[in-house]
Amino acid sequence: KIMNNNLRFKTLLKPLRLAMYDFTEYSVRKELNYLVKDDALIHLGYPINDTIGPEYFYEKSFKKLHLAFPDLERRDYIVISGTTEKNYSWVGTCGVYCGTFVNPFLDIPATGHLAHMRYHEFYKFEDNMVTEIQAIWDIPELMIQANAWPMAPSLGREWCVPGPSTMDGISEGDIDLTKSNHSLEHIVSMANAMKRHPSEGGPELMELEKFWHPKMNWYGPSAIGTSRGIEGFRNWHQIPFLNAMPDRGKLTTYEKRDGRGEDISYHFFSENDYVAVTGWPNMKQTISHDGWLGIAPINKQIYLRSLDFWRLEKGKIRENWVLVDILDIYNQIGVDVFARLNEFNKVKNKGI
């Protein structure tokens, strides 16, 4: 086993994580200002969207969340670090924000009860400082707990997604670079095989049994939900997804997005049995057919922001945590989920 320099970046991030566990505005602002560069680019999911630097990051996101959850608590269950193929160092974190939901958040009505919201947050380090953050919060998860999700119901199971069954998602020990590289190779090979279907033929091209454990759990974002086993994954996520967007993985990565810069990118990194992927956005495809999330086949190309973690066990994928910026997808097709949410909840606002 070899001590990898990326362990240093997990150590640098730890004070911020601990400050968010016992959340106070002073302690969190202090750690953000210490760790995050003033000109850091911060990508946040819809409707919070992008910002620059630690002060605006707090104002646009955590200040509002803390107001909704005065006893806010961060619970990480995966924290891994690694270096991408472009030699960038990232730390990926996965867990839930939780607390008593006593004030509305982004027009989501408060419940007065314990509530949770899953997050995937990725931190890019350069010269011991964070220069970029990519973060998706599962805001639809809060809507569902408040009985206020105004769109199509999930096909998969909605629940409080657990951490790794092996309880080893946070390690401060050595990183086995050989194991890490093997895990990375497995995931990249799996992703490449996935792209072959449906454009090149049937689902057998994906070789799912080769890459995935028969008791796999696929923890999808709220509005899609969790599925169990290869059959569950196919039925409750993949088949509807590919039926609606059969050009998955076949659109070039070299086009420009509305003339505003580079199109899509994705970067993998690994630590022991864990692999993560980051990119903003990292997928694009066309909603050309019916079948996914109740969205009509509008023949429109959309971009997907997805931040994922995989855990391997005995050479196969046993668990896969996936967050997709679902609200951004609806925004791209011209559906205002929050306007619909407010209409959906008018009766609650009247106290009936």
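One can find the structure itself at the top, above this paragraph.
Definitions and cut-offs
Residues numbered from 1 in each chain as written. Predicted model: local features only at pLDDT ≥ 70, side-chain atom pairs only at ≥ 80, totals over all residues. Heavy atoms only, no water. Salt bridge = Lys/Arg side-chain N within 4 Å of Asp/Glu carboxyl O. Helix = DSSP H or I, 4+ residues; strand = E, 2+ residues; numbered from the N terminus. Buried < 20%, exposed > 50% of the residue type's maximum accessible area, 1.4 Å probe, protein only. Pairing = 2+ DSSP bridges. Axes fitted to C-alpha atoms, helices over the stretch in contact; angles between N-to-C directions. Contact = heavy atoms within 4.5 Å. Arc of directions from axis to C-beta. Polar contact = N/O pair within 3.5 Å; in protein donor to acceptor, adjacent residues only side chain to side chain. Core = buried A, V, L, I, M, F, W, Y, C linked by side-chain atoms within 4.5 Å. Disulfide = S-S within 2.5 Å.

Colleague: Before we move on, could you go through the pattern of salt bridges and cite the residues and values that matter?
Modeller: Counted by the stated rule, this structure contains 19 salt bridges. Between Lys284 and Asp263 there is a salt bridge whose closest N-O contact spans 2.5 Å. Of this pair, Lys284 sits in strand β11 (residues 283–287) while Asp263 sits in the loop between α7 (229–244) and β9 (267–271), and the two are 21 residues apart along the sequence. Judged by relative accessible area, which is 3%, Lys284 ranks as buried. Ionic contacts of the salt-bridge type, sharing partners, join the residues Glu25, Arg29, Glu55, Glu59 and Lys63 into one network.

Colleague: Which residues make up the sheet that holds strand β13 (residues 306–313), and what values go with them?
Modeller: Read across the open sheet, the six strands follow the order β8-β7-β14-β13-β10-β9; overall the sheet is mixed. Each edge of the sheet is formed by a strand with only one pairing partner; in this case those strands are β8 (226–228) and β9. Taken over all neighbouring pairs, the strand axes of this sheet differ in orientation by 15° on average, direction set aside. Across the face of the sheet, helix α5 (residues 177–194) comes into contact with β7 (212–219), β9, β10 (274–278), β13 and β14 (316–324) while running at roughly 145° to β9. Relative to β8, α7 is tilted by about 140°, and along the sheet it contacts β7 and β8.

Colleague: Kindly report on helix α9 (residues 337–344), identifying the contributing residues and their values.
Modeller: Regarding α9, the residues found buried are Val337, Phe338 and Leu341. Down the axis of α9, the buried side of the element spans an arc of 95°, and every buried residue falls inside it. In this fold, the buried residues of α9 make contact with α4 (139–145) and α8 (326–332). For α9, the side-chain oxygen to backbone nitrogen distance between the N-cap and Phe338 is 3.1 Å, and the N-cap itself is Asp336.

Colleague: Account for the nonpolar core, naming residues and giving values.
Modeller: By size, the foremost hydrophobic cluster in this structure holds 85 residues, and its most contacted members are Trp137, Trp212 and Trp292. Ignoring anything within four residues of it in the chain, the contact list for Trp212 reads Met190, Met194, Trp218, Ile230, Trp310, Lys316, Ile317 and Asn320. Counting residues in hydrophobic clusters, the runner-up holds 18 residues, among them Tyr77, Phe122, Val161 and Trp321.

Colleague: Give me the lowdown on the state of the cysteines, citing residues and values where you can.
Modeller: Scanning the model with the defined rule gives zero disulfides in all. Cys98 carries a free sulfur, and the closest cysteine sulfur to it, the one in Cys160, is 7.9 Å from it. Relative accessible area serves as the criterion here: at 11%, Cys98 is assigned to the buried category. Judged by its relative accessible area of 41%, Cys160 falls in the partly exposed class.

Colleague: Explain the environment of Asn320 to me, and be specific about the residues and the numbers.
Modeller: With respect to the element layout, Asn320 can be found in strand β14. Classification of Asn320 as buried rests on a relative accessible area of 3%. Here the alpha-carbon distance between Asn320 and Ile295, two residues 25 residues apart in the chain, equals 25 Å. Discounting residues that sit within four places of it in the chain, Asn320 has contacts with Trp212, Asn217, Trp218, Tyr219, Asp308, Phe309 and Trp310. Within polar-contact distance, the side chain of Asn320 engages the backbone oxygen of Phe309 at 2.8 Å. One polar contact links Asn320 to Trp310, side chain to side chain, over a distance of 3.3 Å.

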